Amino acid sequence: MPVHVAASASPAESIGSTGLWWTSIAVLVALLVADFVVTRRPHEVSLREAAGWSVFYLALPVVFGFWLWQAFDVDRAVEFMTGFVVEKSLSVDNLFVFMLLLAAFAVPNEVQQRVLLYGIVGALVLRGVFIAAGAAMLSAGTWAFLVFGLVLFASAAKILRDAVTGHGGERDIDEMRSVRLLRQLMPVTDGYRGARLTVREHGRRALTPLAVVVVAVFATDVVFAVDSVPAVYGITDDPYLVFATNAFALLGLRALYFVLHTALAKLVHLNHGLAIILAFIGAKLVLHWAHGIWPAVPEIPTPLSLAVIILVLATVTVTSLRSSRRVDRPAEQPTAPPD
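What counts and what doesn't
Residues numbered from 1 in each chain as written. Predicted model: local features only at pLDDT ≥ 70, side-chain atom pairs only at ≥ 80, totals over all residues. Heavy atoms only, no water. Helix = DSSP H or I, 4+ residues; strand = E, 2+ residues; numbered from the N terminus. Expected span 1.5 Å × (residues − 1). Buried < 20%, exposed > 50% of the residue type's maximum accessible area, 1.4 Å probe, protein only. Polar contact = N/O pair within 3.5 Å; in protein donor to acceptor, adjacent residues only side chain to side chain. Phe/Tyr/Trp six-rings, centres within 6.5 Å; stacked < 30°, edge-to-face > 60°. Axes fitted to C-alpha atoms, helices over the stretch in contact; angles between N-to-C directions. Parallel < 35°, antiparallel > 145°, perpendicular 65-115°, else oblique. Contact = heavy atoms within 4.5 Å. Nonpolar A, V, L, I, M, F, W, Y, C, P; charged D, E, K, R; others polar. pLDDT = per-residue confidence, 0-100. 1 Å grid on protein atoms, 1.4 Å probe; cavity = no way out; pocket = protein on both sides within 12 Å on 5 of 7 lines; lining within 4 Å. Points joined across faces, edges and corners; volume = space filled by probe spheres on them. Pairing = 2+ DSSP bridges. Left-handed = near helix turned anticlockwise from the far one by under 90°. Salt bridge = Lys/Arg side-chain N within 4 Å of Asp/Glu carboxyl O. Patch = residues over 30% accessible without salt bridge, like charges linked within 9 Å, V, L, I, M, F, W, Y side chains within 5 Å. Areas by Shrake-Rupley, 256 points an atom, 1.4 Å probe, with all protein chains shown as cover.

**Q** Explain helix α9 (residues 239–251) here, please?
**A** Since the α-helix turns once every 3.6 residues, residues separated by three or four places project in the same direction. Compared with the 18 Å implied by 1.5 Å per residue over 13 residues, the 18 Å span of α9 between its first and last C-alpha is a close match. Burial of α9 is extensive: 12 of the 13 residues sit out of reach of the surface. Every buried residue of α9 is listed here: Y240, L241, V242, F243, A244, T245, N246, A247, F248, A249, L250 and L251. N-cap assignment for α9: the residue whose side-chain oxygen lies 2.9 Å from the backbone N of Y240 is D238.

**Q** Help me understand the packing of aromatic side chains, please; the structure alone is not making it clear to me.
**A** Within the structure shown, the criterion is met by 15 aromatic pairs. Both rings, one in W67 and one in F72, keep their centres 5.7 Å apart while their planes meet at 85°; by these two values the pair is edge-to-face. Linked through ring pairs, W21, F64, W67, F72, F80, F84, Y240, F243 and F248 together constitute an aromatic cluster.

**Q** Hey, could you run me through the packing of helix α2 (residues 18–38) against α9 in this one?
**A** Between two packed helices, the angle of one axis relative to the other and the distance separating the axes together describe the packing. Viewed as axis vectors pointing N to C, α2 and α9 meet at an angle of 10°, and their least axial separation amounts to 12 Å. Taken together, the axis directions place α2 and α9 in an arrangement best described as roughly parallel. For the pair α2 and α9, the contacting residues are L20, W21, S24, I25, L28, L31, L32 and D35 in the first and P239, Y240, F243, A247 and L251 in the second. Taken together, the residues of the contact of α2 with α9 sort by class into 11 nonpolar, 1 polar and 1 charged.

**Q** Even after reading the chapter, I still don't get the side chain of S24, so can you show me in this structure?
**A** Residue position: S24 is located in helix α2. A polar atom in the side chain of S24 sits 2.7 Å from the backbone oxygen of L20. Other than its neighbours up to four places away in sequence, S24 contacts Y240 and F243.

**Q** Just to check I follow, could you spell out the confidence of the model for the protein chain for this structure?
**A** Parts of the prediction with low pLDDT should not have their coordinates interpreted in detail. Within the protein chain, residue pLDDT values average 76, and 82% of them lie at 70 or more. Here helix α1 (residues 3–9) stands out as the least confident element of the protein chain, with mean pLDDT 37; α9 is the most confident, with 88. Confidence drops under a pLDDT of 50 for residues 1–11, and excluding neighbours within four residues, the segment shows 9 contacts in the predicted structure.

**Q** Before we go on, may I ask you to explain empty space enclosed by the protein in this structure?
**A** Where empty space is left becomes clear once a probe the size of a water molecule has been rolled over the atoms. By the definition in use, this model includes 1 cavity of 30 Å³ or more. Size it by volume and the largest cavity reaches roughly 30 Å³. Lining the largest cavity are L90, S91, N94, R127, F224, D227 and S228. Broken down by secondary-structure element, the contributors of at least two residues to the lining of the largest cavity are α4 (74–104) and α8 (209–233). In terms of residue class, the lining of the largest cavity is built from 2 nonpolar, 3 polar and 2 charged.

**Q** Explain the pairing of strand β2 (residues 204–207) to me, please; I cannot follow it from the model alone.
**A** For a regular strand, side chains alternate in direction, first toward one face of the sheet and then toward the other. In terms of strand pairing, strand β1 (residues 198–201) meets β2 through 4 bridges, oriented antiparallel. By the bridge assignment for β2, E201 is matched with R204.

**Q** Would you explain the packing of α2 against helix α5 (residues 112–140) in this entry?
**A** It is the contact of α2 with α5, at a shortest axis distance of 10 Å, that shows an interaxial angle of 165°. Classified by the angle between their axes, α2 and α5 sit roughly antiparallel to one another. The crossing of α2 and α5 is left-handed. For the pair α2 and α5, the contacting residues are L28, L32, D35 and F36 in the first and R114, L117, Y118, V121 and L124 in the second. For the contact of α2 with α5, the per-class residue count stands at 7 nonpolar, no polar and 2 charged.

**Q** Help me out: how do you make sense of the pattern of salt bridges in this one?
**A** Pairs can form between side chains of opposite charge whenever their charged atoms are close. Under the defined criterion, the tally for this structure stands at 3 salt bridges. Across the pair E79 and R76 runs a salt bridge, and its minimum N-O distance is 3.9 Å. Linking E79 with R76, this pair stays in helix α4, spanning 3 residues, or about one helical turn. What makes R76 buried here is its relative accessible area of 14%. The salt bridge involving E87 is made with R127; its shortest N-O contact spans 3.5 Å. One end of the pair, E87, is in helix α4; the other, R127, is in helix α5, with 40 residues separating them in the sequence.

**Q** Looking at this structure, I do not really get a nonpolar patch on the surface. What am I missing?
**A** Taken together, the side chains of W22, I25, V29, V33 and V37 make up a nonpolar region of the molecular surface, amounting to roughly 470 Å² of accessible area. With respect to the helices and strands, the residue I25 is situated in helix α2. On the basis of relative accessibility, which here comes to 32%, the residue I25 falls in the partly exposed class.

Next up, the structure:
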């Protein structure tokens, strides 16, 4: 095997030392605990409260990116910010599905943020499992980049097909296997009991509808983990940075949901853009794999990836708002002919 091929077959050394991993996990747990404390008393979230938390959680990755720049180098910082933009855009699509589930289960406004928080915790656990599996695959050989690329191509095709046909938002809750199994195992109360997941009624333990919707949210988390982890591995092969981008993107979803609740319905072209982004990153992964075998094959640099992703997101946002504006514009009333 030529020297350049052997060198490209081994992933770059991770910046995640043992101390950095434990510090990051401790900070993540502390932020999650703070979120649970904030939501311990059910209440309807105001726009001011949601905006404040959203600004805080959007400022954190910016500060972290500057720290990466100072502590390591600009390449690591750019990789992190690019991965964060990808994960945040995918998480907005995740929020749209959460919105559909909350509406389908008629979740009261005052406990919606608790459901979202459970969903975020479930997503973080699943992403951790997928990140570890992805790191193991990469350590086994560069063929993992080809597998990730094909997964993203398949995901992009499905998302685009659903966006074109208009079936992406349709979900029959009663047909979800996890929901059906849960209802077979335990009785479900006929109404919500605040933020409680289980109650004792008629001498036996029963689930509340809140527990059922949480399970439905966990089930959708699996689908999004399959897309998001390979996508960020297309930006960086450092497991620590993959973990950091996912953590920062997911932490602020609870507050961001209430800020974007109205806007989400207007982003009618979001899935078109996500399909393009996933296909682009899939192509980047395949080219990276091919470059390790045939050095003449070009690679897509990370700064170019960031520019393309931002351009796609900006474009679909503008086209979505224009499309929604045309739909919302009342039809002009015909003027009556003069007598």
